[in-house]
Amino acid sequence: MHRCRTVWRMTETAPLRVAIACQGGGSHTAFTAGVLKRLLGSQELAGMEIVGLSGTSGGAVCALLAWSALLDDDPSAAGVRLEAFWADNSASTPLEQLVNAWVLWAARLENLVALPAVSPYDTPTSVQALSTFRAMLERRVDFDQLAVKTGQAGVSGPMLLLGAVDVLSGDFRAFNSHREPITAEMVLASAAISNLFRAVRVDGGTYWDGLFSQNPPVRELVDTRPDELWVIQINPGGRDREPRTIVEIADRRNELAGNLSLHQELRFIEKVDQLLEEGRLANDGKYKQIVVRLIELTRPSLSRSLGTASKLNRDPAFIAELLAHGEAKAEEFLAALAFERAWRDRDPDAVLGCFADDAELWSAPPFPDRGGLRGRQRIGRFVREHLTTDLHVDPTRKQVAGDGVSWTVQAWRDDRSRRVLGEAEAEFRDGKVVALRLGG
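Predicted model, so just to flag it, every value in this text is computed and none were measured.

Conventions we followed
- Residues numbered from 1 in each chain as written.
- Predicted model: local features only at pLDDT ≥ 70, side-chain atom pairs only at ≥ 80, totals over all residues.
- Heavy atoms only, no water.
- Patch = residues over 30% accessible without salt bridge, like charges linked within 9 Å, V, L, I, M, F, W, Y side chains within 5 Å.
- Areas by Shrake-Rupley, 256 points an atom, 1.4 Å probe, with all protein chains shown as cover.
- Salt bridge = Lys/Arg side-chain N within 4 Å of Asp/Glu carboxyl O.
- Lys, Arg positive; Asp, Glu negative; His and termini not counted.
- Charge placed at Lys NZ, Arg CZ, Asp CG, Glu CD.
- Helix = DSSP H or I, 4+ residues; strand = E, 2+ residues; numbered from the N terminus.
- Polar contact = N/O pair within 3.5 Å; in protein donor to acceptor, adjacent residues only side chain to side chain.
- Contact = heavy atoms within 4.5 Å.
- Buried < 20%, exposed > 50% of the residue type's maximum accessible area, 1.4 Å probe, protein only.
- Core = buried A, V, L, I, M, F, W, Y, C linked by side-chain atoms within 4.5 Å.
- Expected span 1.5 Å × (residues − 1).

K.L.:
I keep staring at a negative patch on the surface and nothing clicks. Help me out?
P.N.:
On the surface, Asp 240, Asp 403, Glu 423 and Glu 425 cluster together into a patch of negative charge. With respect to the secondary-structure elements, Asp 403 resides in the loop between strand E12 (399-401) and strand E13 (405-412).

K.L.:
Just checking my understanding: could you explain the side chain of Arg 38 for this structure?
P.N.:
Relative to the helices and strands, Arg 38 resides in helix H1 (residues 30-39). Polar contacts involving the side chain of Arg 38 include one to the side chain of Glu 331, which spans 2.5 Å. Contacts of Arg 38, omitting those with residues within four sequence positions, involve Glu 44, Glu 327, Ala 330, Glu 331 and Leu 334.

K.L.:
For this particular structure, what's the right way to read unusual backbone geometry?
P.N.:
Across residues other than glycine, the phi torsion is negative in most instances, and most of the peptide bonds are trans. With an omega dihedral of 10°, the bond running from Pro 365 to Pro 366 counts as a cis peptide bond. Mapped onto the secondary structure, Pro 366 falls in the loop between strand E9 (355-363) and strand E10 (371-374). Positive phi, close to 50°, is recorded for Asp 203, a residue that is not glycine. You will see that Asp 430, though not glycine, has its phi angle at about 55°, which is positive. The residue Asp 430 is located in the loop between strand E14 (419-429) and strand E15 (432-439) in this model. The class for Asp 430 is exposed, based on a relative accessible area of 75%.

K.L.:
Please clarify how the pattern of salt bridges should be interpreted in this entry.
P.N.:
When charged atoms on two side chains of opposite charge get close, those side chains can pair. The final tally for this structure, using the stated rule, is 25 salt bridges. The shortest N-O distance in the salt bridge between Lys 37 and Glu 83 comes to 2.8 Å. Of this pair, Lys 37 sits in helix H1 while Glu 83 sits in helix H3 (residues 77-89), and the two are 46 residues apart along the sequence. The exposure class of Lys 37 is partly exposed, given its relative accessible area of 28%.

K.L.:
Please clarify how the nonpolar core should be interpreted in this entry.
P.N.:
Side chains of nonpolar character tend, in soluble globular proteins, to be buried together. If you look at the biggest cluster of nonpolar residues, it comprises 99 residues, and the most contacted ones within it are Leu 64, Phe 339, Trp 343, Phe 355, Leu 387, Leu 436 and Leu 438. With 13 residues, the top contributor of residues to this core is helix H10 (residues 316-344). Setting aside residues up to four positions removed in sequence, Leu 64 forms contacts with Leu 137, Val 141, Phe 143, Leu 146, Leu 160, Ile 182 and Val 187. Of all hydrophobic cores here, the second largest spans 17 residues; its members include Ala 19, Met 159, Ala 174 and Ile 269.

K.L.:
Whenever I open this one, the environment of Pro 395 confuses me. Can you help?
P.N.:
Structurally, Pro 395 can be placed in the loop between strand E11 (392-393) and E12. What Pro 395 contacts, discounting residues up to four positions off in sequence, is Asp 273, Gln 289, Ile 290, Val 291 and Arg 344.

K.L.:
Looking at this model, I keep getting lost on helix H2 (residues 58-71). Mind explaining?
P.N.:
For an α-helix, the turn length of 3.6 residues means that residues three or four places apart are oriented alike. Helix length check: H2, at 14 residues, gives a terminal C-alpha distance of 20 Å against a target of 20 Å (1.5 Å per residue), a fit within 8%. Extensive coverage of H2 is indicated by the burial of 14 of its 14 residues. Looking at the residues trailing H2, positive phi occurs at Asp 73, about 60°.

Written out as structure tokens, the structure is:
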């Protein structure tokens, strides 16, 4: 039996170029740390080249720590650094746990009643908090050594982009390691949440949290000319039901606002991909097709009750849950990559090897209407007759790994004159497909 596993190998031309963008979202970005820990240094990524990372706020911290490990030519060290940072950031002592509980209570109450606000400029604790944040970064990263490794011109290694916004000019800024040495102040600027920290000054600018700008930076990341863009998305794209309570409404507003710039930039990439595919944009080297993949945080259970306040939650158990969830999602993502690769290669045996023994497959219009199929023999027949012959993954539309993993799928009508689009959604267990649904 074939195993559902793909190792991307170096070719005589070049390895697959991958850029990773890390969305910000407070404590929820511990999920990003779990994803990066599982991905970087894994055997499945052999033959791939990480050409760039970007991040905003907590995503900027995760991107920095992963990038520093890549510069050390030790990708697996990223997981150690990420776990250590989030352990530092957890409320581990009794006093910290008490403060964490108070912060969560106050943040949640803000959604229900008007509370007196305190400016970070009116309390010395904001300065102390920023100093503590800097110390946590410097325990994991030697910024002087980073400057030496990348050179003052900043051209060595993969690109790192950190998103921030100049509060005075309103200009978006992506601190770029290929243009300038990355400093602790740049990371702090990207993470300077306006109601918690004072603005951070960098090179004459006055910066707030990058959540007000690009979350995360994507446009300049494309300058690395990746073959694929992987986005670790903290704010879920969809909801199962209409928000009704004040907490639910505030939570959804926060998610939608956090996704605005990301969706716009990804839509632009998808549009260019489609124009190239249709031949309406010249494939002359100026533009190239970029496969977009999203690894999406499934809404944590505490988020349902605490809403946006859960992004401030530093409880060690909550952080550990997010880290584990990120690792599990990355594991599923890698299994989906292997399944897709076998599907794209039109290898029926390899595709069938990706299915669990008890898997089910459903197919409905606009694809062949076969209803539900169970068992290796019936699924294998469908795989040979349809999945690896008539149905193809559409590379111009993003793959989403959320509650399941979904792809846009294309096929042709019987007369081959018109293309139809549908969707495939897979569920995985222990690296195997346990359910695959094809339909409109």
